[in-house]
Amino acid sequence: RVRKHCHTRNNKAMRKILFRGRDGTGKWHEGNLIVVNVKKPVQKDVAPYKEYYIKGQAFGSVEKEVDPETIGQLVSPATEYHPEIWEGDIIEICGNDPTLAQRTVVEWHKHQAAFVVLLTNPSNGDKGYCPLSLVFLDLQGEDALAIKVIGNIHDNPELITKPFCDHAQKGITN
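Fair warning: this is a prediction, and the values are worked out from it, not measured in the lab. (Residues numbered from 1 in each chain as written. Predicted model: local features only at pLDDT ≥ 70, side-chain atom pairs only at ≥ 80, totals over all residues. Heavy atoms only, no water.)

Caption draft 1: Quick look at the nonpolar core. Grouped together as the largest cluster of nonpolar side chains are 13 residues, with contacts concentrated most on Ile85, Ile91, Val106, Val117, Leu132 and Val135. Taken together, the elements giving at least two residues each to this core come down to strand 9 (89-93), strand 12 (114-120), helix 1 (132-138) and strand 14 (147-152). No other element matches the 3 residues that strand 12 contributes to this core. Beyond its immediate chain neighbours, meaning those up to four positions away, Leu132 contacts Val75, Ile85, Ile91, Val106, Phe115, Val116 and Val117. (Core = buried A, V, L, I, M, F, W, Y, C linked by side-chain atoms within 4.5 Å. Buried < 20%, exposed > 50% of the residue type's maximum accessible area, 1.4 Å probe, protein only. Helix = DSSP H or I, 4+ residues; strand = E, 2+ residues; numbered from the N terminus. Contact = heavy atoms within 4.5 Å.)

See the structure below:
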């Protein structure tokens, strides 16, 4: 009897762990992250170094070398409310009140062991890191449509300071 590999554990779906990175030509690749420690460089005067590759999950996929500065993990798969959200994405968060809208970057926070966004408290102006999972919990119903991925810090760094878009279009994602 042949046992098929399944993506479940105890009848629960396992989450997909994917990475993306941009190669030297600017093209993005998604899949598994491979880190190679190069201990014997070709040139004798070169110290050991690491090379980073992304390999797609399809059978026969080819490894593509990527810039390590652009590597990010899939934070949240696409849902009916938002597209995929990756580490390094720039998102706008706007509930029913457009005056409370914020634009922020999704990043890994080691001390919280979570993907976070830097948010400003509207009542006192204090800034703090908030786990993205809590942001999703706070935005329910119609407000859940208020998370919009507008770019990423590698392709569109200017978006983090650019004025906000028309919030009448909230929920429309690219």
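Caption draft 2: Broad picture of the sheet that holds strand 3 (residues 19-22). In spatial order, the strands read 6-5-4-3-7-8; together these 6 strands make up an open sheet with antiparallel pairing. Only two strands of the sheet have a single neighbouring strand rather than two, namely strand 6 (63-65) and strand 8 (85-86). In this structure, strand 3 lies alongside strand 7 (residues 72-76), joined through 2 bridges in antiparallel fashion. Across the sheet, the residue bridging to Arg20 is Gly72, located in strand 7. (Pairing = 2+ DSSP bridges.)

Caption draft 3: Seen up close, the pattern of salt bridges. Enumeration according to the criterion identifies 3 salt bridges in this entry. Taking the shortest distance from any N to any O, the salt bridge between Asp89 and Arg20 comes out at 2.6 Å. Here Arg20 lies in strand 3 and Asp89 lies in strand 9, a separation of 69 residues in the sequence. Look at Asp89 and you get buried, because its relative accessible area is 3%. A relative accessible area of 10% means that Arg20 is categorised as buried. Between Asp155 and Arg22 there is a salt bridge whose closest N-O contact spans 2.5 Å. In this pair, Asp155 sits in the segment after strand 14 while Arg22 sits in strand 3, placing the two residues 133 residues apart along the sequence. Residue Asp155 is classed as partly exposed on the basis of its relative accessible area, which comes to 36%. (Salt bridge = Lys/Arg side-chain N within 4 Å of Asp/Glu carboxyl O.)

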